[in-house]
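Observations on the three-dimensional arrangement
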Amino acid sequence: ALAVGAPAAHAQQPIKIGMGISQTGGLGSGGKSALLALRMWADDVNAKGGLLGRKVELVVYDDQSSPATTPGIYTKLIDVDKVDLLIGPYASVPTAPIMPLIKQRDLLLMSNFTFKLNRNLKHDKVFNNSPWSNEEDLADGVLQIGRAAGAKTIAILAADQEFAQNLANGAKSIANRMGLKSVYEQNYPPSTVDFSAMIRAIRAARPDIVYVCSYPNDSVAILRAVKEIGIGDSVKVFGGGMVGLQFTPVIAGLGPLANGVVNFTSYAPGKTMDFPGISDFLDRYSKKAAGENVDPLGYYLPPYSYAIGQMVAQAVTATKSLNHKVLAEYLHKN
(Lines give C-alpha, C1' and ligand atoms only; values in the text may rest on other atoms or scores of the structure.)
Protein backbone atom coordinates (compact mmCIF):
# COMPACT_ATOMS: atom_id res chain seq x y z
CA ALA A 1 0.00 0.00 0.00
CA LEU A 2 2.86 2.37 0.78
CA ALA A 3 4.46 1.78 -2.58
CA VAL A 4 1.23 2.53 -4.39
CA GLY A 5 0.32 5.51 -2.24
CA ALA A 6 3.69 7.27 -2.34
CA PRO A 7 3.46 8.61 -5.91
CA ALA A 8 -0.08 9.82 -5.33
CA ALA A 9 1.02 11.67 -2.20
CA HIS A 10 3.99 13.13 -4.07
CA ALA A 11 1.69 14.32 -6.83
CA GLN A 12 -0.16 16.47 -4.30
CA GLN A 13 3.01 18.17 -3.07
CA PRO A 14 3.55 21.62 -4.59
CA ILE A 15 6.27 22.33 -7.11
CA LYS A 16 8.52 24.67 -5.16
CA ILE A 17 10.24 27.49 -7.04
CA GLY A 18 12.81 29.29 -4.92
CA MET A 19 14.34 32.73 -5.19
CA GLY A 20 15.99 35.52 -3.25
CA ILE A 21 14.87 38.94 -4.46
CA SER A 22 15.26 42.46 -3.14
CA GLN A 23 12.28 43.71 -1.16
CA THR A 24 14.32 46.28 0.76
CA GLY A 25 17.45 48.32 0.03
CA GLY A 26 18.38 50.16 -3.15
CA LEU A 27 17.00 47.50 -5.52
CA GLY A 28 13.82 47.03 -3.48
CA SER A 29 11.57 49.06 -5.76
CA GLY A 30 12.44 46.86 -8.72
CA GLY A 31 12.46 43.65 -6.72
CA LYS A 32 9.01 44.23 -5.23
CA SER A 33 7.48 44.87 -8.65
CA ALA A 34 9.23 41.80 -10.10
CA LEU A 35 7.94 39.60 -7.28
CA LEU A 36 4.38 40.87 -7.69
CA ALA A 37 4.52 39.83 -11.36
CA LEU A 38 5.83 36.38 -10.49
CA ARG A 39 3.07 35.93 -7.92
CA MET A 40 0.56 36.91 -10.61
CA TRP A 41 2.04 34.21 -12.83
CA ALA A 42 1.85 31.60 -10.06
CA ASP A 43 -1.77 32.55 -9.33
CA ASP A 44 -2.64 32.27 -13.04
CA VAL A 45 -0.97 28.87 -13.34
CA ASN A 46 -2.61 27.53 -10.18
CA ALA A 47 -6.02 28.78 -11.33
CA LYS A 48 -5.59 26.50 -14.36
CA GLY A 49 -4.61 23.46 -12.31
CA GLY A 50 -0.90 24.08 -11.71
CA LEU A 51 1.98 22.32 -13.46
CA LEU A 52 2.03 18.54 -13.91
CA GLY A 53 -1.16 18.46 -11.86
CA ARG A 54 0.59 20.09 -8.88
CA LYS A 55 0.23 23.52 -7.34
CA VAL A 56 3.10 25.98 -7.83
CA GLU A 57 4.53 27.48 -4.63
CA LEU A 58 7.01 30.36 -4.58
CA VAL A 59 9.58 30.19 -1.77
CA VAL A 60 10.97 33.71 -1.45
CA TYR A 61 13.51 35.50 0.74
CA ASP A 62 14.48 39.18 0.79
CA ASP A 63 18.13 39.52 -0.25
CA GLN A 64 18.08 43.14 1.02
CA SER A 65 19.82 44.28 -2.21
CA SER A 66 23.02 42.84 -0.77
CA PRO A 67 25.37 40.40 -2.52
CA ALA A 68 26.48 39.17 0.92
CA THR A 69 23.09 37.57 1.57
CA THR A 70 22.46 35.61 -1.62
CA PRO A 71 24.86 32.63 -1.27
CA GLY A 72 23.25 31.75 2.09
CA ILE A 73 19.75 32.23 0.71
CA TYR A 74 20.31 29.95 -2.27
CA THR A 75 22.12 27.31 -0.21
CA LYS A 76 19.08 27.25 2.11
CA LEU A 77 16.67 27.06 -0.83
CA ILE A 78 18.58 24.07 -2.23
CA ASP A 79 19.52 22.15 0.91
CA VAL A 80 16.85 23.04 3.47
CA ASP A 81 13.76 24.07 1.51
CA LYS A 82 14.62 21.55 -1.21
CA VAL A 83 13.01 23.60 -3.96
CA ASP A 84 12.47 22.05 -7.37
CA LEU A 85 13.51 25.05 -9.46
CA LEU A 86 15.39 28.32 -9.01
CA ILE A 87 14.81 31.86 -10.23
CA GLY A 88 17.70 34.27 -9.75
CA PRO A 89 17.71 37.52 -7.79
CA TYR A 90 16.90 40.76 -9.57
CA ALA A 91 20.06 42.37 -11.00
CA SER A 92 23.71 41.51 -11.46
CA VAL A 93 25.19 42.44 -8.09
CA PRO A 94 23.06 40.10 -5.90
CA THR A 95 23.26 37.35 -8.56
CA ALA A 96 27.03 37.29 -9.15
CA PRO A 97 27.91 35.55 -5.84
CA ILE A 98 25.58 32.60 -6.47
CA MET A 99 26.90 31.77 -9.94
CA PRO A 100 29.71 29.47 -8.73
CA LEU A 101 27.23 27.61 -6.49
CA ILE A 102 24.81 27.11 -9.39
CA LYS A 103 27.56 25.69 -11.58
CA GLN A 104 29.06 23.54 -8.81
CA ARG A 105 25.66 21.94 -8.13
CA ASP A 106 24.93 21.76 -11.90
CA LEU A 107 21.57 23.48 -11.47
CA LEU A 108 19.17 25.30 -13.77
CA LEU A 109 18.91 29.03 -13.03
CA MET A 110 16.40 31.39 -14.62
CA SER A 111 18.48 34.54 -14.19
CA ASN A 112 16.74 37.87 -13.88
CA PHE A 113 17.96 41.06 -15.60
CA THR A 114 21.68 40.42 -15.21
CA PHE A 115 24.49 41.39 -17.53
CA LYS A 116 27.31 39.10 -18.75
CA LEU A 117 27.58 37.11 -15.51
CA ASN A 118 27.93 33.75 -17.27
CA ARG A 119 30.55 34.83 -19.81
CA ASN A 120 33.43 33.15 -17.95
CA LEU A 121 31.62 30.32 -16.15
CA LYS A 122 29.83 29.25 -19.34
CA HIS A 123 27.36 27.13 -17.37
CA ASP A 124 24.92 25.57 -19.84
CA LYS A 125 21.95 25.74 -17.48
CA VAL A 126 21.82 29.52 -16.92
CA PHE A 127 19.19 31.45 -18.90
CA ASN A 128 19.19 35.22 -18.43
CA ASN A 129 15.88 36.93 -19.00
CA SER A 130 16.57 40.51 -20.08
CA PRO A 131 16.08 42.72 -23.15
CA TRP A 132 19.86 42.93 -23.73
CA SER A 133 22.65 40.49 -24.41
CA ASN A 134 25.75 42.70 -24.52
CA GLU A 135 27.05 46.25 -24.21
CA GLU A 136 25.97 47.04 -27.78
CA ASP A 137 22.36 46.75 -26.64
CA LEU A 138 22.86 49.00 -23.61
CA ALA A 139 25.55 51.52 -24.55
CA ASP A 140 25.73 51.84 -28.31
CA GLY A 141 22.50 53.79 -28.79
CA VAL A 142 23.38 56.40 -26.16
CA LEU A 143 26.83 57.01 -27.64
CA GLN A 144 25.34 57.17 -31.14
CA ILE A 145 23.00 59.92 -29.92
CA GLY A 146 25.99 61.79 -28.55
CA ARG A 147 28.02 61.42 -31.71
CA ALA A 148 25.07 62.60 -33.82
CA ALA A 149 25.05 65.72 -31.63
CA GLY A 150 28.71 66.35 -32.49
CA ALA A 151 30.39 64.74 -29.50
CA LYS A 152 34.13 64.10 -29.65
CA THR A 153 34.98 63.41 -25.99
CA ILE A 154 33.59 61.22 -23.22
CA ALA A 155 33.76 60.93 -19.42
CA ILE A 156 32.84 57.64 -17.70
CA LEU A 157 31.75 57.38 -14.06
CA ALA A 158 31.10 53.84 -12.80
CA ALA A 159 30.41 51.99 -9.58
CA ASP A 160 33.02 49.39 -8.65
CA GLN A 161 30.70 46.38 -8.98
CA GLU A 162 29.76 43.77 -11.58
CA PHE A 163 27.04 45.42 -13.64
CA ALA A 164 28.61 48.87 -13.72
CA GLN A 165 32.11 47.62 -14.53
CA ASN A 166 30.91 45.28 -17.28
CA LEU A 167 28.87 48.07 -18.82
CA ALA A 168 31.63 50.67 -18.44
CA ASN A 169 34.15 48.39 -20.16
CA GLY A 170 31.69 47.88 -22.99
CA ALA A 171 31.06 51.63 -23.29
CA LYS A 172 34.82 52.27 -23.44
CA SER A 173 35.16 49.74 -26.25
CA ILE A 174 32.35 51.34 -28.23
CA ALA A 175 33.75 54.83 -27.58
CA ASN A 176 37.15 53.76 -28.89
CA ARG A 177 35.55 52.31 -32.00
CA MET A 178 33.69 55.59 -32.56
CA GLY A 179 36.86 57.62 -32.08
CA LEU A 180 35.62 59.35 -28.92
CA LYS A 181 38.47 60.62 -26.74
CA SER A 182 38.31 59.80 -23.02
CA VAL A 183 38.88 62.90 -20.88
CA TYR A 184 37.83 61.43 -17.50
CA GLU A 185 37.37 57.95 -16.01
CA GLN A 186 36.50 57.24 -12.39
CA ASN A 187 35.35 54.17 -10.49
CA TYR A 188 33.78 54.67 -7.07
CA PRO A 189 32.95 52.31 -4.17
CA PRO A 190 29.29 51.20 -4.12
CA SER A 191 28.91 52.77 -0.66
CA THR A 192 29.70 56.28 -1.96
CA VAL A 193 27.13 58.91 -1.00
CA ASP A 194 28.93 62.19 -1.87
CA PHE A 195 29.67 62.68 -5.57
CA SER A 196 30.42 66.41 -5.46
CA ALA A 197 34.18 66.06 -6.04
CA MET A 198 33.62 63.74 -9.01
CA ILE A 199 31.03 66.03 -10.58
CA ARG A 200 33.41 68.98 -10.19
CA ALA A 201 36.20 66.96 -11.85
CA ILE A 202 33.90 65.98 -14.73
CA ARG A 203 32.84 69.59 -15.16
CA ALA A 204 36.51 70.66 -15.30
CA ALA A 205 37.26 68.01 -17.95
CA ARG A 206 34.53 69.48 -20.22
CA PRO A 207 33.38 66.23 -21.88
CA ASP A 208 30.74 66.07 -24.59
CA ILE A 209 29.28 62.81 -23.24
CA VAL A 210 29.04 61.77 -19.59
CA TYR A 211 28.35 58.04 -19.42
CA VAL A 212 27.26 56.97 -15.93
CA CYS A 213 27.06 53.34 -14.78
CA SER A 214 25.31 53.39 -11.40
CA TYR A 215 22.87 51.59 -9.10
CA PRO A 216 19.68 53.21 -7.68
CA ASN A 217 21.06 54.97 -4.60
CA ASP A 218 24.07 56.20 -6.56
CA SER A 219 21.91 57.40 -9.45
CA VAL A 220 19.84 59.60 -7.14
CA ALA A 221 22.90 60.99 -5.35
CA ILE A 222 24.68 61.72 -8.65
CA LEU A 223 21.73 63.64 -10.06
CA ARG A 224 21.40 65.64 -6.84
CA ALA A 225 25.10 66.54 -7.09
CA VAL A 226 24.64 67.56 -10.73
CA LYS A 227 21.74 69.79 -9.71
CA GLU A 228 23.79 71.39 -6.95
CA ILE A 229 27.07 71.86 -8.84
CA GLY A 230 26.14 71.81 -12.52
CA ILE A 231 27.73 69.66 -15.18
CA GLY A 232 28.84 72.42 -17.54
CA ASP A 233 27.64 73.57 -20.94
CA SER A 234 29.89 71.22 -22.92
CA VAL A 235 27.79 68.13 -22.15
CA LYS A 236 25.50 67.00 -24.95
CA VAL A 237 24.44 63.64 -23.47
CA PHE A 238 24.33 62.62 -19.80
CA GLY A 239 23.29 59.23 -18.43
CA GLY A 240 23.35 55.91 -20.25
CA GLY A 241 23.64 53.18 -17.64
CA MET A 242 21.85 54.52 -14.57
CA VAL A 243 19.82 51.81 -12.80
CA GLY A 244 16.95 53.16 -10.70
CA LEU A 245 15.70 55.72 -13.19
CA GLN A 246 13.43 53.00 -14.58
CA PHE A 247 11.50 52.74 -11.30
CA THR A 248 8.42 54.95 -11.12
CA PRO A 249 8.87 55.81 -7.40
CA VAL A 250 12.49 56.91 -8.01
CA ILE A 251 11.58 59.10 -10.97
CA ALA A 252 8.64 60.57 -9.05
CA GLY A 253 10.98 61.39 -6.17
CA LEU A 254 13.56 63.03 -8.42
CA GLY A 255 11.00 65.08 -10.35
CA PRO A 256 12.68 67.70 -12.59
CA LEU A 257 16.15 66.46 -11.58
CA ALA A 258 15.67 63.61 -14.06
CA ASN A 259 14.90 65.92 -16.97
CA GLY A 260 17.43 65.74 -19.78
CA VAL A 261 18.93 62.39 -18.77
CA VAL A 262 19.34 59.92 -21.65
CA ASN A 263 19.10 56.43 -20.19
CA PHE A 264 18.25 52.81 -20.94
CA THR A 265 14.93 51.21 -20.09
CA SER A 266 12.97 48.20 -21.32
CA TYR A 267 9.50 49.43 -22.25
CA ALA A 268 7.63 52.56 -23.25
CA PRO A 269 3.85 52.69 -23.77
CA GLY A 270 3.82 53.15 -27.54
CA LYS A 271 2.45 51.35 -30.60
CA THR A 272 5.80 49.71 -31.42
CA MET A 273 5.78 47.92 -28.06
CA ASP A 274 2.13 46.90 -27.95
CA PHE A 275 2.89 43.19 -28.05
CA PRO A 276 0.10 40.61 -27.64
CA GLY A 277 -0.93 40.37 -24.01
CA ILE A 278 1.16 43.26 -22.68
CA SER A 279 -1.66 45.78 -22.24
CA ASP A 280 -3.83 43.25 -20.42
CA PHE A 281 -0.93 42.26 -18.18
CA LEU A 282 -0.05 45.85 -17.28
CA ASP A 283 -3.71 46.64 -16.55
CA ARG A 284 -3.94 43.67 -14.18
CA TYR A 285 -0.56 44.50 -12.64
CA SER A 286 -1.40 48.15 -11.95
CA LYS A 287 -4.62 47.19 -10.15
CA LYS A 288 -2.72 44.81 -7.86
CA ALA A 289 0.15 47.26 -7.36
CA ALA A 290 -2.21 49.99 -6.18
CA GLY A 291 -2.82 48.27 -2.87
CA GLU A 292 0.68 46.89 -2.28
CA ASN A 293 2.96 49.95 -2.25
CA VAL A 294 4.68 48.74 -5.43
CA ASP A 295 5.76 50.58 -8.59
CA PRO A 296 2.33 51.55 -10.00
CA LEU A 297 3.27 51.40 -13.69
CA GLY A 298 5.47 48.30 -13.75
CA TYR A 299 7.02 48.95 -17.15
CA TYR A 300 10.59 47.95 -16.39
CA LEU A 301 10.68 44.51 -14.76
CA PRO A 302 7.20 42.99 -14.31
CA PRO A 303 6.51 41.86 -17.90
CA TYR A 304 9.88 40.12 -18.00
CA SER A 305 9.37 38.57 -14.58
CA TYR A 306 6.03 37.15 -15.67
CA ALA A 307 7.79 35.84 -18.79
CA ILE A 308 10.29 33.95 -16.63
CA GLY A 309 7.33 32.08 -15.19
CA GLN A 310 5.92 31.47 -18.67
CA MET A 311 9.21 30.00 -19.87
CA VAL A 312 9.39 27.71 -16.83
CA ALA A 313 5.80 26.59 -17.42
CA GLN A 314 6.39 25.91 -21.12
CA ALA A 315 9.50 23.84 -20.41
CA VAL A 316 7.95 21.83 -17.58
CA THR A 317 4.72 21.21 -19.52
CA ALA A 318 6.49 20.21 -22.75
CA THR A 319 8.97 17.86 -21.07
CA LYS A 320 6.67 16.67 -18.26
CA SER A 321 9.79 16.90 -16.12
CA LEU A 322 11.46 18.86 -13.33
CA ASN A 323 14.91 17.48 -14.19
CA HIS A 324 17.25 20.43 -14.64
CA LYS A 325 19.20 18.86 -17.51
CA VAL A 326 16.02 17.98 -19.41
CA LEU A 327 14.57 21.46 -18.89
CA ALA A 328 17.82 23.18 -19.94
CA GLU A 329 17.97 21.13 -23.14
CA TYR A 330 14.39 22.08 -23.97
CA LEU A 331 15.04 25.79 -23.28
CA HIS A 332 18.15 25.79 -25.49
CA LYS A 333 16.22 24.25 -28.37
CA ASN A 334 13.07 26.33 -28.00
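These notes cover the structure that comes with them.

What counts, and where the lines are drawn
Residues numbered from 1 in each chain as written. Predicted model: local features only at pLDDT ≥ 70, side-chain atom pairs only at ≥ 80, totals over all residues. Heavy atoms only, no water. Helix = DSSP H or I, 4+ residues; strand = E, 2+ residues; numbered from the N terminus. Rg over C-alpha atoms; globule rule 2.2 N^0.38 Å. Contact = heavy atoms within 4.5 Å. Areas by Shrake-Rupley, 256 points an atom, 1.4 Å probe, with all protein chains shown as cover. Lys, Arg positive; Asp, Glu negative; His and termini not counted. Charge placed at Lys NZ, Arg CZ, Asp CG, Glu CD. Salt bridge = Lys/Arg side-chain N within 4 Å of Asp/Glu carboxyl O. Buried < 20%, exposed > 50% of the residue type's maximum accessible area, 1.4 Å probe, protein only. Pairing = 2+ DSSP bridges. Right-handed = clockwise from strand over helix to strand, strands pointing away. Axes fitted to C-alpha atoms, helices over the stretch in contact; angles between N-to-C directions. Core = buried A, V, L, I, M, F, W, Y, C linked by side-chain atoms within 4.5 Å.

**Description of the overall build of the protein chain**
A tally of regular secondary structure across the protein chain gives 13 helices and 10 strands. Computed over the C-alpha atoms, the radius of gyration of the protein chain is 21 Å, within 12% of the 20 Å expected from 2.2 N^0.38 for a compact globule of 334 residues. Expressed as lengths along the three principal axes of its C-alpha atoms, the size of the protein chain is roughly 80 × 40 × 35 Å. Taking the intrachain contacts of the protein chain between residues at least 6 apart in sequence as the baseline, contacts between residues at least 24 apart amount to 67%. In the structure as shown, the protein chain presents an accessible area of about 15100 Å², 53% of it carried by carbon and sulfur atoms. The protein chain carries 32 positive and 28 negative side-chain charges, and their two centres are separated by 2 Å.

**Points about the pattern of salt bridges**
On inspection of all chains with the given rule, the structure shows 12 salt bridges. Where Arg-177 meets Asp-140, a salt bridge forms, and the shortest distance between an N and an O atom there is 3.2 Å. With Arg-177 in helix H7 (residues 162-178) and Asp-140 in helix H6 (residues 135-148), this residue pair connects regions lying 37 residues apart in the sequence. Overall, the relative accessible area of 52% leaves Arg-177 in the exposed class. According to the relative accessible area criterion, Asp-140 is buried, its value standing at 16%.

**A closer look at the pairing of strand S6 (residues 153-159)**
Counted residue by residue, S6 has seven buried out of seven residues, so it is predominantly covered. Side chains of S6 alternate between two faces, with Thr-153, Ala-155, Leu-157 and Ala-159 and Ile-154, Ile-156 and Ala-158 buried alike. Sheet analysis places S6 next to strand S7 (residues 181-188), joined by seven bridges and oriented parallel. Each bridged residue has a counterpart across the sheet, and for Ile-156 the counterpart in S7 is Glu-185. Remark: the S6/H7/S7 crossover connection has right-handed handedness. Looking at chain direction, S6 and strand S8 (residues 209-214) are connected through five bridges and run parallel. Along S8, the bridge assignment pairs Ala-155 with Val-210.

**Some details on the sheet that holds strand S1 (residues 15-20)**
Spatially, the five strands line up as an open sheet ordered S2-S1-S3-S4-S5, and their pairing is parallel. The outermost strands of the open sheet, each flanked by one partner alone, are strand S2 (56-61) and strand S5 (126-129). Across the sheet, the mean angle separating the axes of adjacent strands is 20 degrees when strand polarity is ignored. Relative to S2, helix H2 (residues 28-47) is tilted by about 165 degrees, and along the sheet it contacts S1, S2 and strand S3 (85-90).

**Examining the nonpolar core**
Core analysis: the biggest nonpolar cluster contains 115 residues, and Tyr-90, Tyr-211, Ile-222 and Phe-238 have the highest contact counts within it. The element that contributes the greatest number of residues to this core is H2, accounting for nine residues. When sequence neighbours within four positions are dropped, the list of residues in contact with Ile-222 reads Leu-157, Tyr-188, Phe-195, Ile-199, Val-212, Ser-214, Phe-238 and Met-242.

**A word on the sheet that holds S6**
Hydrogen bonding along the main chain pairs the strands of a sheet, whether they run parallel or antiparallel. Within the open sheet, the five strands sit side by side as S7-S6-S8-S9-S10. Their pairing is parallel. Lying at the two open borders of the sheet, with one neighbouring strand each, are S7 and strand S10 (262-263). Strand contacts of helix H8 (residues 196-205): S6, S7 and S8, with the helix running at about 175 degrees to S7, the strand carrying the most contacts.

**Describing the pairing of S1**
For S1, the tally of buried residues reaches five of six residues, placing the bulk of the element in the interior. Alignment of S1 against S2, held across six bridges, turns out to be parallel. Bridging from a neighbouring strand, Gly-20 pairs with Tyr-61 of S2. Read as a crossover between parallel neighbours, the route from S1 over H2 to S2 is right-handed. Two elements, S1 and S3, share two bridges in a ladder whose sense is parallel. Residue Ile-17 lies in a different strand from S3, and its bridge partner there is Leu-85.

**Quick word on the environment of Tyr-267**
Following the sequence through the fold, Tyr-267 ends up in the loop between S10 and helix H11 (278-290). Taking C-alpha positions, Tyr-267 is 6.1 Å from Tyr-300, a pair spaced 33 residues apart along the chain.

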